Amino acid sequence: MIFRFLRQWQNKRALKSKEYIKLFEPYFGDELVVLDTETTGLNPKKDEIISIGAVIIRDDKIRISNSFECFLKPSGNINHESIKIHHIRECDLVNAVEPEEAIKQLLDFIGNRPIVGYYISFDHKIISRYTKKIIGSRLPNPTVELSSMYYKRYRKSSSYEFVDLKFDTIMNGLGLPFLGKHDALNDAIMSAMIYLKLKSMPEYKGAFS
Amino acid sequence: MSFSDQKEFLKSICPFSDLSDTGLDLAIENIEIGFYAKDSEIIIIGSEASVLYIVIKGEVKTYDEDGNIIRDYHETESFGANALTSNKSQTSCIVTEDLICYELSRKGFIKLLNNSKKFKQFYLMDVVERMNYLKKKETSSDLSSFMVDRVDASYIHEPCIVSSDTLVSVAIKKSVEMKSSSIVVKKGNEYGIVTDSGIKIALAEETLNLASTIDQMAQFPIISVDKEDFLFNVYLLLLQKNIKRVAVRENGEIIGMLEQMDILSYFANNSRLATVKIEKSKTIDELREASMDYISVVKKLHAQGVKARYIAKLISEINLKVFSKLFEMILPENLQKDCALLVMGSEGRGEQILRTDQDNGLIIRDGIETSQYYPYMQKFTEMLISFGYPRCDGNIMVSNPYWCKNEEGYKKEIIHWIEYPDMDSYMHFSIFFDAKCVAGDPELLESIKYIISKKIDTDNEVYMARFAKLTTLFETPVGFFSTLLNQDKKVDIKKAGVFPVVQGTRSLSLQYKIDTLSTVERIKELKSRKILPDSMADELIEVFEVLLYLRLERQIDCVRKGKPINNVIDTELLSRIQRDLFKDSLQIVEQFKKFIVRHFRLENL
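Computed from a prediction, not measured in an experiment: that's the story for all the values here.

> Explain helix H7 (residues 184-200) of chain A here, please?
It helps to recall that an α-helix has 3.6 residues per turn; residues three or four apart then point in one direction. All names here are of chain A. With 17 residues, H7 should reach 24 Å at 1.5 Å per residue; the first-to-last C-alpha distance of 25 Å fits that figure. Here H7 lies mainly inside the structure; 15 of its 17 residues are buried. Backbone nitrogen of Leu185 and a side-chain oxygen of the N-cap are separated by 3.2 Å at the start of H7; the cap is Asp183.

Put into structure tokens, the structure is as follows:
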């Protein structure tokens with residue numbers, strides 16, 4: 001707790017511009033931002049963000065009209081493997097903006113709301129790498145991890161059971177509908193559904209929890 | 001921002017599918033996604049609704065104030081429109097399976113109403129229009145039906161019109177020049193006709209006088225149709241009147257002649273051929289063969305999208321011809337004039353499409369020995385069975401002496417039915433009430449029907465009420481998708497839908513002495529006498545049509561698979577649009593039942 005407080009304090013001090021001080025204010029509203037990124041790889045230290053999708057949940061409703069989608073201009077050529085996964089080709093990136101601009105837009109969108117996501121720590125880390133450069137600080141927002149929410153509500157048949165936490169498995173397990181292809185915004189909306197559904201379920205406190 | 005996937009999804013939903021691209025954008029801008037766990041109450045009765053719900057996944061049910069299920073909603077269906085447009089919800093709405101749904105705000109809903117006429121129609125039009133809309137969607141894909149083709153779509157021959165004082169020789173010469181097979185004779189404002197066969201007959205009978213004026217041999221008035229009429233109805237007219245051509249009018253003036261052959265080209269040479277073969281058959285074997293063609297006729301007409309009730313009408317024309325022809329073949333001529341052959345039940349109402357059973361009877365004139373008819377009637381029934389008309393389970397056939405009696409016998413029976421009602425007698429009474437005379441002396445039936453109307457007049461309301469109560473004999477499963485009533489999601493469409501409508505209208509017809517037989521005609525009559533409210537009558541006719549159509553589909557399916565014909569519809573095998581139609585229909589049937597209950601004050605019975 002103290003450790004976290006210290007880190008926040010360091011982050012705050014490192015802020016280049018006071019414009020983003022509001023990100024550090026505690027959040028008292030009831031809104032959440034569900035967020036997903038598409039990246040060139042799985043290493044948050046060096047891979048690049050290709051696109052970001054985010055949507056706001058308010059009053060337990062997914063405000064898809066209040067959503068965010070942005071494509072980032074890549075520095076070099078896109079890795080062929082990630083083209084296969086995301087189906088984003090360079091020609092899709094004509095509307096892409098400079099990373100700095102994209103990240104600033106994103107920060108404006110999420111403000112100091114908590115962010116929710118599937119393996120959100122990855123998104124958090126990779127976005128923080130960008131924000132450190134741009135505003136001088138890591139992303140300060142608190143996060144909510146969907147896979148652990150799911151795990152807590154999953155009724156295991158034995159304490160040794162392996163709980164499959166793949167995104168599609170969770171969607172199927174919760175009986176949620178897939179909304180088209182995997183892109184950042186669609187995944188953010190689907191993650192939001194996961195969140196609402198999990199929120200309505202009690203945590204499982206059985207023998208094998 | 002790209003919402004292409006959301007848009008794709010919305011686009012697959014009726015009526016969003018009719019929105020333009022900008023309309024869809026407008027929809028997306030005003031939409032949110034909501035999640036509701038099982039058992040949440042989304043809409044509270046009497047409350048104001050603020051959004052239109054479109055189910056993405058899950059199930060909700062709506063309930064009336066007494067807690068009765070009204071209907072359920074599934075994937076891609078929308079609900080809450082009524083509450084949105086009327087400010088106060090008439091129903092409550094509870095989630096029965098975790099629900100994920102789009103929520104279109106009132107503001108967005110209203111914008112879309114103004115954006116698209118079709119969208120507006122879908123939500124604001126009443127059920128009749130909505131059904132037509134859905135049906136149009138259903139048929140537009142695969143059918144170019146000749147039902148929608150009008151007279152002027154067909155080839156219309158130039159008419160050979162002559163004035164009434166034209167000499168016969170001149171008129172005939174003109175028609176030869178024009179290669180016309182008929183001469184239209186104009187006499188003042190009236191028109192008559194001289195056909196080629198008329199001239200031939202006159203020649204044969206040596207009455208043809210070339211020097212006389214043409215109006216001497218013309219038949220007045222000429223039978224005509226409007227150029228806006230449906231071809232199919234013209235075809236029925238040809239069958240009924242047994243003629244080969246009609247005149248076509250526009251604004252009252254004759255603009256051409258429509259020949260049977262021209263209409264036939266629309267019919268893939270089929271239905272008319274069947275009836276021609278029936279008329280021309282000389283032996284029972286020929287007749288049997290001719291009558292067997294009908295299944296292909298039904299399939300063809302059905303595939304062409306002809307309304308089930310018109311197919312039924314046509315098929316019953318065919319059946320009547322078969323019956324009367326067979327009757328003439330079997331019964332010696334001297335016995336024919338002293339009896340009346342009846343078809344009863346659905347056959348009498350002209351609503352049987354595939355031969356599901358035969359209900360028939362014979363009335364013999366008082367004073368004539370009845371037993372001499374028995375052997376012939378025995379043969380009649382056997383022959384019909386060999387023609388593919390299944391035996392009637394209730395043994396309501398002329399071969400059964402109970403249904404082969406003299407007038408006195410029937411009159412006694414009817415009084416007995418009314419005075420000692422039980423299940424059988426109600427059934428017999430119902431079936432007899434729909435009787436139609438197809439051969440012999442129709443007066444015999446008329447006199448007995450007169451007895452019924454007198455008996456019901458002087459006698460009691462109680463009988464009428466009990467008779468009407470049969471309308472509610474079978475449960476109509478409203479919201480049938482997951483109620484215990486129909487766990488395997490199968491519905492007997494005859495019991496749940498067709499029978500209540502038939503019995504309800506029959507009861508009202510009995511009460512108000514309406515003598516038409518077909519259910520649709522009865523409803524129309526009830527409407528024109530202001531017994532049924534206009535809107536209910538219109539809806540009921542549509543509903544009856546939908547039910548017959550779904551039942552026919554089911555029956556044809558049975559025939560195709562070589563199974564015995566039944567009326568059980570597996571709702572899971574219906575297309576989404578059909579399911580919507582079916583659900584809406586059953587709801588209206590339920591309303592009609594309630595109307596009957598109120599009308600005959602059945603609550604206390």
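> Any chance you could explain unusual backbone geometry here in plain terms?
Peptide bonds are trans in most cases, and residues, glycine excluded, mostly fall at negative phi. Residues and elements named next belong to chain B. With an omega dihedral of -10°, the bond running from Phe220 to Pro221 counts as a cis peptide bond. Its identity is not glycine, yet Lys530 carries a phi of approximately 65°, on the positive side. By the element assignment, Lys530 lies in the loop between helix H23 (519-528) and helix H24 (534-560).

> I keep staring at the pairing of strand E3 (residues 51-63) of chain B and nothing clicks. Help me out?
Every regular strand shows the same layout, with side chains that alternate between the two sheet faces. Residues and elements named next belong to chain B. In terms of residue burial, E3 counts as a mostly covered element, since 12 of its 13 residues are buried. Direction of pairing for E3 relative to strand E6 (residues 92-105): antiparallel, over a ladder of 11 bridges. Considered in E6, the bridge of Val60 is made with Val95. In terms of strand pairing, E3 meets strand E5 (residues 78-79) through 2 bridges, oriented antiparallel. Bridged to Ile54 within E5 is Ser78. Here E3 runs beside strand E4 (residues 69-73); their pairing, made up of 4 bridges, is antiparallel. The residue bridging Thr62 from the neighbouring strand is Arg71, located in E4. What sits between E3 and E4 in their antiparallel hairpin is a turn of 5 residues, with Gly67 showing a positive phi close to 85°.

> Which parts of the structure should I look at to understand the interface of chain B and chain A?
By a widespread convention, an interface's size corresponds to the accessible area lost as its parts come together. Contacts between the two partners involve 21 residues from chain B, matched on the other side by 23 residues from chain A. For the pair chain B and chain A, the summed buried surface comes to about 1,800 Å²; carbon and sulfur atoms form 58% of the total. At the surface where chain B touches chain A, the tally comes to 3 salt bridges. Residue Asp98(B) is joined to Lys197(A) by a salt bridge in which the shortest nitrogen-to-oxygen separation is 2.5 Å. Summed over the shared surface of chain B and chain A, the number is 6 residue pairs in polar contact (both at pLDDT 80 or more). If you list the elements that add at least two residues to the side of chain B that touches chain A, you get helix H1 (4-11), helix H2 (21-29), strand E1 (31-36), E3 and E6 of chain B. Looking at the side of chain B that touches chain A element by element, the count peaks at 6 residues for E1(B). Grouping the constituent residues of the side of chain B that touches chain A by class yields 11 nonpolar, 4 polar and 6 charged.

> Any chance you could explain the packing of aromatic side chains here in plain terms?
A ring pair, where both rings are aromatic, is described by two values, the distance of the centres and the angle of the planes. All names here are of chain B. For the structure on display, the rule yields 22 aromatic pairs over all chains. Between Phe323 and Tyr389 the ring centres are 5.3 Å apart and the planes differ by 40°, which places this aromatic pair in the tilted class. Note that Phe323 is positioned in helix H14 (residues 308-330) and Tyr389 in the loop between helix H17 (374-386) and strand E15 (404-406), a separation of 66 residues in sequence. Classification of Tyr389 by relative accessible area gives buried; the value is 0%. Following the ring pairs from residue to residue traces out a cluster consisting of Tyr402, Trp403, Tyr410, Trp417 and Phe432. If you follow Lys405 out to its NZ or CZ, it ends over the ring of Tyr402, 3.9 Å from the centre.

> Looking at this structure, how should I read the packing of helix H19 (residues 423-433) of chain B against helix H22 (residues 493-512) of chain B?
A pair of packed helices is characterised by two quantities: the angle between their axes and the separation of those axes. Residues and elements named next belong to chain B. Where H19 contacts H22, the two axes come as close as 11 Å, and the packing angle between them is 75°. What the angle tells us is that H19 and H22 run roughly perpendicular. Contacts between H19 and H22 involve Phe429, Ser430 and Phe433 from the first element and Gln503, Arg506, Ser509 and Leu510 from the second. Residue composition of the contact of H19 with H22, grouped by class: 3 nonpolar, 3 polar and 1 charged.

> Sorry, what's going on with the sheet that holds strand E7 (residues 161-163) of chain B here?
Hydrogen bonds between backbone atoms are what pair the strands of a sheet, whose relative direction is either parallel or antiparallel. Residue and element names in this part refer to chain B. The strand order across the open sheet built from 3 strands is E7-E8-E9, with neighbouring strands paired in mixed fashion. Lying at the two open borders of the sheet, with one neighbouring strand each, are E7 and strand E9 (190-195). Each adjacent strand pair in this sheet contributes to an overall mean axis angle of 35°, direction not counted. One ladder, built from 3 bridges, connects E7 with strand E8 (residues 182-187); its direction is parallel. Counterpart to Ser163 in the pairing with E8 is Lys186. Along the sheet face, helix H7 (residues 168-177) touches E7 and E8 and points at about 130° away from the line of E8.

> Looking at this structure, how should I read the pattern of salt bridges?
Oppositely charged side chains can pair when the atoms bearing their charge come close. Residues and elements named next belong to chain B. The tally for this structure, following the rule as stated, stands at 27 salt bridges over all chains. Taking the shortest distance from any N to any O, the salt bridge between Arg365 and Asp441 comes out at 2.9 Å. Separated by 76 residues along the polypeptide, Arg365 in the loop between strand E14 (360-364) and H17 and Asp441 in the loop between strand E16 (436-440) and helix H20 (442-458) bring together distant segments of the chain. Here Arg365 falls in the partly exposed class, since its relative accessible area comes to 27%.

> Any chance you could explain the packing of H23(B) against H24(B) here in plain terms?
Residues and elements named next belong to chain B. Interaxial distance between H23 and H24 falls to 9 Å at its minimum, and their mutual angle equals 175°. Judged by the angle between their axes, H23 and H24 are roughly antiparallel. Here Thr519, Val520, Ile523, Lys524 and Lys527 of H23 come into contact with H24, specifically with Asp534, Ala537, Asp538, Leu540, Ile541 and Phe544. Broken down by class, the residue content of the contact of H23 with H24 amounts to 6 nonpolar, 1 polar and 4 charged.

What counts, and where the lines are drawn
- Residues numbered from 1 in each chain as written.
- Chains lettered and ligands numbered in written order.
- Predicted model: local features only at pLDDT ≥ 70, side-chain atom pairs only at ≥ 80, totals over all residues.
- Heavy atoms only, no water.
- Helix = DSSP H or I, 4+ residues; strand = E, 2+ residues; numbered from the N terminus.
- Expected span 1.5 Å × (residues − 1).
- Buried < 20%, exposed > 50% of the residue type's maximum accessible area, 1.4 Å probe, protein only.
- Polar contact = N/O pair within 3.5 Å; in protein donor to acceptor, adjacent residues only side chain to side chain.
- Pairing = 2+ DSSP bridges.
- Contact = heavy atoms within 4.5 Å.
- Buried area = accessible area lost by both parts, 1.4 Å probe.
- Salt bridge = Lys/Arg side-chain N within 4 Å of Asp/Glu carboxyl O.
- Nonpolar A, V, L, I, M, F, W, Y, C, P; charged D, E, K, R; others polar.
- Phe/Tyr/Trp six-rings, centres within 6.5 Å; stacked < 30°, edge-to-face > 60°.
- Lys NZ or Arg CZ within 6 Å of the ring centre and 35° of its normal.
- Axes fitted to C-alpha atoms, helices over the stretch in contact; angles between N-to-C directions.
- Parallel < 35°, antiparallel > 145°, perpendicular 65-115°, else oblique.

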